[in-house]
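Listed below are the residues making up each chain.
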Amino acid sequence: MVQDEAGILIQKRKKLVKRLLDNRAPGFLNTSAELFDDYFCGVFKKSSTALKMTDAGIPVALVALGGYGRREQCVHSDIDLLVLFENSIPEMADQFIRDLLYPLWDYRLETGYAVRTIKESLLMSWKHFDILTTLIDARFICGDFNIYFLLMKTFMKQLSEKHLQNSLGCLIAYGEKRHSVFGDSTYLLEPNLKSGLGGLRDYHSLMWYARMVSDVKIRKDLEYYGFLSCEEFQTLESSLSFIWNTRNMLHYITGRKCDQLHFELQIEVAKLIGFKAETGHQGVETFMGELHSKMEFLKQINQLLREYILQPRPNKIKKAKKRTTLSKSTKVSGIVIRRQMLEFSSMELVPRHPGLLLKIFVESGRLKKPLSIDARRIVNEFSYLVNDSFRRDTSNVKAFEKILSYSLWKFNVLNVMLATGVLEGLIPEFSSIVNKIQYNQYHLFPVDKHSIRSVQVVNGFKKKDSDKKFSFYSIVYKGIRNKKVLLFAALLHDIGKAEPSSEHSEKGAEIARTIVARAGYKSSEIEDVVFLIKNHLFLAKTATRRDLSDEETAVFCADRIGRVGRLRMLYLLTVADSIATGPKAWNQWTESLLRDLFLKTMNVLKNSELATRKASKSIKKKKDQIINLRKKEWDKVKLKKELDSMSHRYLLYVPVPEIMGHLALYKNLGEKAFLWKITKEDNSEIRRVSICGRDKPGFYSKLAGVFFLNRLDIVGSQAYSWGNNTALDIFNVTPPMDRIFENEKWEKAEKELQNAIEDDQFLERLHGKIPKKILLAPGQIPRPNRVKIDNEISRFFTVIEVFTYDFPGLLFTITNTLYRKGVDVRVAMVATKVDQVVDVFYVNSVDDEKIDNPSYVEDIKNAILQNLPELEVKKEESK
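Residues numbered from 1 in each chain as written. Predicted model: local features only at pLDDT ≥ 70, side-chain atom pairs only at ≥ 80, totals over all residues. Heavy atoms only, no water.

### Considerations on the overall build of the chain
Applicable threshold: Strands are runs of DSSP state E lasting at least two residues, helices are runs of H or I lasting at least four, and both sets are numbered from the N terminus onward. A 1.4 Å probe rolled over the protein chains alone gives each residue an accessible area, and that area as a share of the maximum for its type sets the label: buried under 20%, exposed over 50%, partly exposed in between. Any pair of residues with heavy atoms lying within 4.5 Å of one another is described as a contacting pair. Residue exposure ignores everything except the shown protein chains as possible cover, and the areas themselves are Shrake-Rupley values with a 1.4 Å probe.
From N to C terminus, the chain includes 37 helices and 17 strands. Dimensions of the chain, computed from the C-alpha atoms along their principal axes, are close to 105 × 70 × 55 Å. By residue count, 56% of the 879 residues in the chain fall in the buried class. Of the contacts formed within the chain by residues at least 6 apart in sequence, a portion of 71% connects residues at least 24 apart. Counting every atom, the chain has about 40,400 Å² of accessible surface; 51% of that belongs to carbon and sulfur.

### A closer look at the pairing of strand β3 (residues 111-117)
The line we're drawing: Two strands form a pair only when DSSP identifies at least two bridges running between them. Every crossover in which the path from the first strand over the helix to the second runs clockwise, viewed with the strands pointing away from the viewer, is termed right-handed.
Pairing geometry for strand β2 (residues 79-85) and β3, over 7 bridges, is parallel. Of the residues in β3, the one forming a bridge with Leu82 is Ala114. Once you follow β2 into helix α5 (residues 93-106) and on to β3, the crossover reads as right-handed.

### Concerning the packing of helix α7 (residues 129-136) against helix α9 (residues 200-213)
What counts is decided by this rule: Every axis corresponds to a line fitted to the C-alpha atoms, with the helix fit spanning only the stretch in contact, and the corresponding angles, defined between N-to-C directions, vary from 0 to 180 degrees. Any angle from 65 to 115 degrees is called roughly perpendicular, while one under 35 is roughly parallel, one over 145 is roughly antiparallel, and all others are oblique. The residue classification treats Ala, Val, Leu, Ile, Met, Phe, Trp, Tyr, Cys and Pro as nonpolar and Asp, Glu, Lys and Arg as charged. All others, Gly included, are polar.
Here α7 crosses α9 at 75°, and the two axes come no closer than 10 Å. Relative to α9, α7 is oriented roughly perpendicular. For the pair formed by α7 and α9, the contact residues are Leu132, Thr133 and Ile136 on the first element and Trp208, Arg211 and Met212 on the second. Residue composition of the contact of α7 with α9, by class: 4 nonpolar, 1 polar and 1 charged.

### Looking at the packing of aromatic side chains
Rule in force here: Geometry of aromatic contacts follows a simple scheme: Phe, Tyr and Trp rings, the Trp one being its six-membered ring, pair when their centres are within 6.5 Å, and the pair is stacked under 30 degrees between planes, edge-to-face over 60, tilted otherwise. Only when the NZ atom of a Lys or the CZ atom of an Arg is both within 6 Å of the ring centre and within 35 degrees of the ring normal do we say a charge sits over the ring.
In the structure shown here, the tally under the stated rule is 40 aromatic pairs. Their ring planes at 75° and their centres at 6.1 Å tell us that Phe242 and Phe275 sit as a pair that is edge-to-face. Of the two residues, Phe242 is situated in helix α11 (residues 230-254) and Phe275 in the loop between α12 (266-273) and α13 (283-310); the sequence distance between them amounts to 33 residues. Aromatic rings pair up to connect Phe674, Trp676, Tyr700, Phe707, Phe731 and Trp746 into one cluster. The ring of Tyr477 carries the charged tip of Lys483 above its face, separated from the ring centre by 5.1 Å. Lying across the ring of Phe531, Arg566 places its NZ or CZ 4.4 Å from the centre.

### Quick look at the sheet that holds strand β5 (residues 327-329)
Taken together, 3 strands build an open sheet; the order of strands is β5-β6-β7 and the sheet is antiparallel. Bordering the open sheet on either side are β5 and β7 (341-344), each of which pairs with just one other strand. Taking each pair of neighbouring strands and ignoring which way they run, the sheet shows an average axis angle of 40°. Strands in contact with helix α15 (residues 356-367) are β6 (335-338) and β7; relative to β7, the strand with the most contacts, it is inclined by about 165°.

### Here's the deal with the packing of helix α18 (residues 394-406) against helix α19 (residues 413-420)
Across the interface, α18 lies against α19 with an axial gap of 8 Å and an inter-helix angle of 125°. If you check the angle between α18 and α19, you find them oblique. Counting all contacts with α18, which are made through Phe400, Ile403, Leu404 and Tyr406, the residues of α19 involved are Val413, Leu414 and Met417. Of the residues belonging to the contact of α18 with α19, the class tally is 7 nonpolar, no polar and no charged.

### A short note on the nonpolar core
Under the convention used in this document: Residues enter a nonpolar core if they are buried and are Ala, Val, Leu, Ile, Met, Phe, Trp, Tyr or Cys, with the set joined through side-chain atoms within 4.5 Å.
Judged by nonpolar contacts, the single largest core of 105 residues is most densely connected at Phe40 and Leu62. Here this core takes 12 residues from α13, the largest share from any one element. The contacts of Leu62, once residues within four sequence positions are left out, are Phe40, Phe44, Leu81, Leu82, Val83, Phe96, Leu100, Arg139, Phe140, Ile141 and Cys142.

### Here we look at a negative patch on the surface
The condition that has to hold: Surface patches are defined over residues having more than 30% relative accessible area and no salt bridge, joining like charges when they lie within 9 Å and nonpolar side chains (Val, Leu, Ile, Met, Phe, Trp, Tyr) when within 5 Å. The working definition used for a salt bridge is a side-chain nitrogen of Lys or Arg within 4 Å of a carboxyl oxygen of Asp or Glu. When charges are counted, Lys and Arg contribute as positive and Asp and Glu as negative, whereas His and the chain ends are disregarded. Note that the charge is assigned to NZ on lysines, CZ on arginines, CG on aspartates and CD on glutamates.
On the surface, Asp847, Asp848, Glu849 and Asp852 cluster together into a negatively charged patch. Checked against the element boundaries, Glu849 lands in the loop between β16 (836-845) and α37 (854-867).

### Quick word on the sheet that holds β2
With mixed pairing, 4 strands are arranged side by side in an open sheet as β3-β2-β1-β4. Every other strand in the sheet has two partners, leaving β3 and β4 (139-143) as the edge strands with one partner each. If you compare each strand with its neighbour and ignore which way they point, the axes differ by 25° on average. Pairing of strand β1 (residues 60-65) with β2 involves 6 bridges; the strand directions are antiparallel. Within the sheet, the bridge partner assigned to Leu65 lies in β2 and is Asp80. Strands in contact with helix α8 (residues 145-182) are β1, β2 and β4; relative to β2, the strand with the most contacts, it is inclined by about 100°.

### Looking at the confidence of the model for the chain
To keep it simple, the criterion reads: Along the chain, pLDDT gives the predictor's confidence residue by residue, from 0 to 100.
Per-residue confidence for the chain gives a mean pLDDT of 88; residues scoring 70 or more make up 92%. Segment residues 315-324 is flagged for pLDDT under 50; beyond a separation of four residues in sequence, or across chains, it makes 13 contacts in the model.

### Re the pattern of salt bridges
Under the counting rule described, the total for this entry stands at 48 salt bridges. Taking the shortest distance from any N to any O, the salt bridge between Arg391 and Asp388 comes out at 3.7 Å. Placement of the pair is Arg391 and Asp388 together in helix α17 (residues 388-392), with a separation of 3 residues, close to one helical turn. For Arg391, a relative accessible area of 16% corresponds to the buried category. Salt-bridge contacts for Glu401 lead to Lys484; the nearest nitrogen and oxygen are separated by 3.8 Å. Of this pair, Glu401 sits in helix α18 while Lys484 sits in helix α23 (residues 483-492); the two residues are 83 residues apart in sequence, bridging distant segments of the chain. For Glu401, a relative accessible area of 14% puts it in the buried group. When its relative accessible area of 22% is taken as the criterion, Lys484 is described as partly exposed. Residues participating in the shared-partner salt-bridge network are Arg70, Glu72, Asp137 and Arg211.

### Examining unusual backbone geometry
The residue Lys368 is not glycine, and still its phi comes out positive at about 55°. Secondary-structure assignment places Lys368 in the loop between α15 and α16 (373-381). According to the relative accessible area criterion, Lys368 is partly exposed, its value standing at 38%. In the Ramachandran plot, Asn435 falls in the positive-phi region, its phi being about 60° despite a non-glycine side chain. Relative to the helices and strands, Asn435 resides in the loop between α20 (422-426) and α21 (447-459).

### Points about a nonpolar patch on the surface
The grouping of Tyr102, Trp105 and Tyr113 at the surface amounts to a nonpolar patch, some 310 Å² of accessible area in total. Within the fold, Tyr113 resides in strand β3.

### As for the pairing of strand β9 (residues 687-694)
The buried fraction of β9 is high, at 7 of 8 residues. One ladder, built from 7 bridges, connects strand β8 (residues 674-680) with β9; its direction is antiparallel. Across the sheet, the residue bridging to Lys677 is Ser690, located in β9.

### Comments concerning helix α24 (residues 504-518)
The test is simple: For a helix, the expected span equals 1.5 Å multiplied by the residue count minus one. Polar contact is the term for a pair of N or O atoms within 3.5 Å; when the atoms are in protein, one must be able to donate a hydrogen and the other to accept it, and sequence-neighboring residues count only if both atoms are side-chain atoms.
With 15 residues, α24 should cover 21 Å at 1.5 Å per step; its first-to-last C-alpha distance of 21 Å lies within 8% of that length. Taken together, the buried positions of α24 are occupied by His504, Ser505, Gly508, Ala509, Ile511, Ala512, Ile515, Val516 and Arg518. Where α24 is buried, its residues contact α17, α20, α23 and α25 (523-534). A side-chain oxygen of the first residue of α24 lies 3.0 Å from the backbone nitrogen of Ser505; this N-cap is Glu503. Positioned one or two residues after α24, Gly520 has a phi angle of 85°, which is positive.

This is the structure:
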């Protein structure tokens with residue numbers, strides 16, 4: 001009979017889930033909880049064990065806990081049950097549990113339970129915060145109501161009389177720990193719908209607090225007792241409904257309880273909810289933007305909760321009354337400090353002095369004190385006062401410049417301005433990127449949060465850091481005269497991303513021109529902001545796609561940028577943009593390339609036409625150093641001859657100690673095909689492989705094949721000709737996965753490279769390991785493979801750029817194709833462009849000439865494209 005109850009439950013849940021997917025289950029959470037209530041009530045009535053306990057005068061109650069207690073039962077949420085006894089637990093309790101739960105477990109329904117007396121429940125709740133919160137959410141299901149009532153009455157009495165302060169302290173500590181573990185979901189590519197900052201737990205925490213200190217029973221009471229305004233309550237309802245619907249679809253897709261909205265699941269969730277592509281935007285981008293907007297409100301709920309907990313509390317909270325507390329004046333008339341938070345001394349002042357709407361944020365940033373919830377509400381209510389004349393007012397522009405300079409990661413003034421509507425009022429164009437999502441694994445944050453984060457990173461350069469790298473940025477920052485230009489550029493650099501059909505740097509520069517002109521900036525300042533936004537990707541693209549050891553690269557950058565001041569600002573904007581984007585854009589390799597390019601370009605700008613003369617002096621100085629440091633086996637005259645045969649590129653950019661090491665390889669080469677030396681880069685996982693060998697076409701391709709064979713990824717390389725048919729290649733590669741046997745892996749790779757050099761067919765077997773198709777995520781719009789061949793960038797080389805998606809053996813595929821077409825790779829660079837990769841090759845023909853024959857160029861381009869795998873969007877799995 002009990003098994004029948006479980007079977008009926010399963011069938012009803014399947015029908016309910018189907019109605020949910022058809023958008024016909026508006027009260028899904030409550031209905032889902034009621035189905036379990038019906039099951040437990042039915043089993044209780046039919047259980048012979050329950051009947052025996054009743055006959056024996058042993059009262060028992062079934063109590064719903066946690067989300068089940070709150071009637072917030074998602075598709076695969078846990079069922080938490082308390083089997084409550086009055087004074088002692090009878091032996092029959094075990095059989096009663098079997099009656100209740102075994103049928104559910106047979107159907108693999110996640111059901112947790114606890115069997116306790118009233119006394120045990122109370123004692124454990126004061127020792128364990130998670131048990132305390134489950135009791136706050138406790139709800140009677142069936143059985144003896146009197147013992148449930150006695151438990152809750154005693155619990156609330158002890159809570160208010162003995163344990164309130166400690167419990168509230170635990171509530172804050174719990175939230176801080178949770179946020180440190182799960183992060184700020186409003187800033188994350190893959191938000192945690194439950195536990196992150198902006199997740200459902202922030203709402204739960206407010207309910208726990210409200211129930212601890214008042215008579216709140218249901219969500220609507222939050223408005224009745226003054227915890228939320230009418231508008232805030234309506235926004236809360238809308239936000240919860242959207243997040244719960246998202247969580248239900250996530251549970252359905254994964255077939256289990258899951259709260260992390262992983263990247264690869266977002267398209268399917270968006271489709272199930274009903275988001276479709278429109279006006280150039282993917283449906284998933286609109287969906288994620290909406291989700292971030294809803295979670296941003298729950299994040300504000302968390303900050304509101306902290307204010308409630310930290311404020312002085314009367315013995316009992318009644319319906320909302322105006323609180324009076326001692327206040328302290330600030331430097332600004334009309335703004336005071338109460339309870340360590342900023343408030344307006346009088347709401348009536350704001351309409352008469354609209355500038356206070358900005359001044360309160362200036363004081364917040366200066367004093368590092370947050371706005372109170374009342375102040376936020378007032379700012380939001382009067383945000384309509386931020387009109388065109390307000391935006392053009394010089395004093396308001398100055399105030400906003402201060403706010404920009406005060407915005408830090410640990411004290412987020414700009415984000416509060418955004419949440420209250422003032423930032424959008426001040427810069428209406430910013431509205432177009434609020435909660436806008438770029439659906440790729442390159443950008444971690446929504447565009448508005450990324451832009452604000454970029455400002456915060458720039459401000460982080462003000463102070464010297466213990467990290468030497470950040471001390472360098474601090475030095476560069478101090479050299480910038482007009483810092484407000486850099487801050488405005490950081491805030492607005494992605495303002496053009498509202499229109500997916502246009503190039504966002506160009507479009508953003510146009511929009512920014514209007515914004516800074518409206519603010520009354522001088523023409524030179526406007527042009528600097530426009531230049532920075534228009535070129536904010538320039539340095540990153542150049543550093544990752546061009547040969548930095550070629551002096552022409554730095555000269556090209558210097559010609560484009562023009563001034564040292566602009567270079568400093570553009571460099572720091574590039575660094576801030578990359579850091580704020582995430583690890584795909586910012587890593588040790590990218591950082592070192594950018595710094596190298598910055599310093600070389602700075603050298604050209606400072607020295608102008610003297611740069612080449614200075615380079616010659618530097619080369620001569622290095623040669624003298626090497627001769628003076630030479631080992632005994634080197635004759636001075638012969639060493640000078642070898643140095644004279646080396647390329648200027650090599651002598652100019654390779655440090656003396658490395659050149660000495662390379663000379664040792666060359667000296668020991670003899671009749672061998674090659675010798676190599678593997679070194680570990682300082683403070684990096686990258687391995688540097690220096691190879692001295694016979695200068696033969698195809699060497700790079702064979703090395704790429706051997707590295708692919710041994711799962712060693714090439715992240716960059718340089719090739720130098722030494723004359724005498726000798727070449728030096730320097731590769732930066734990732735280390736073997738198994739570090740314990742790393743030496744053995746390198747020995748194996750060395751033998752295989754020797755075989756590949758001797759046998760031109762040795763690596764042919766690798767073609768079978770190259771995928772025929774690249775599968776993209778469902779719904780992803782594929783960017784076609786592209787090949788660009790340029791003969792203008794470099795004086796000595798033809799530059800080939802390949803835009804494609806990453807796959808195992810990518811470098812081998814391209815370089816082997818080039819080798820078979822009679823093309824010799826001299827320099828290679830690997831970069832990332834959003835969800836694609838860009839591999840850049842500096843090449844020559846086998847005769848060491850540039851490749852400029854149009855038909856030959858077209859033949860090479862077609863050969864590369866034909867050998868790249870096809871792109872295919874992965875089909876959604878049918879349910």
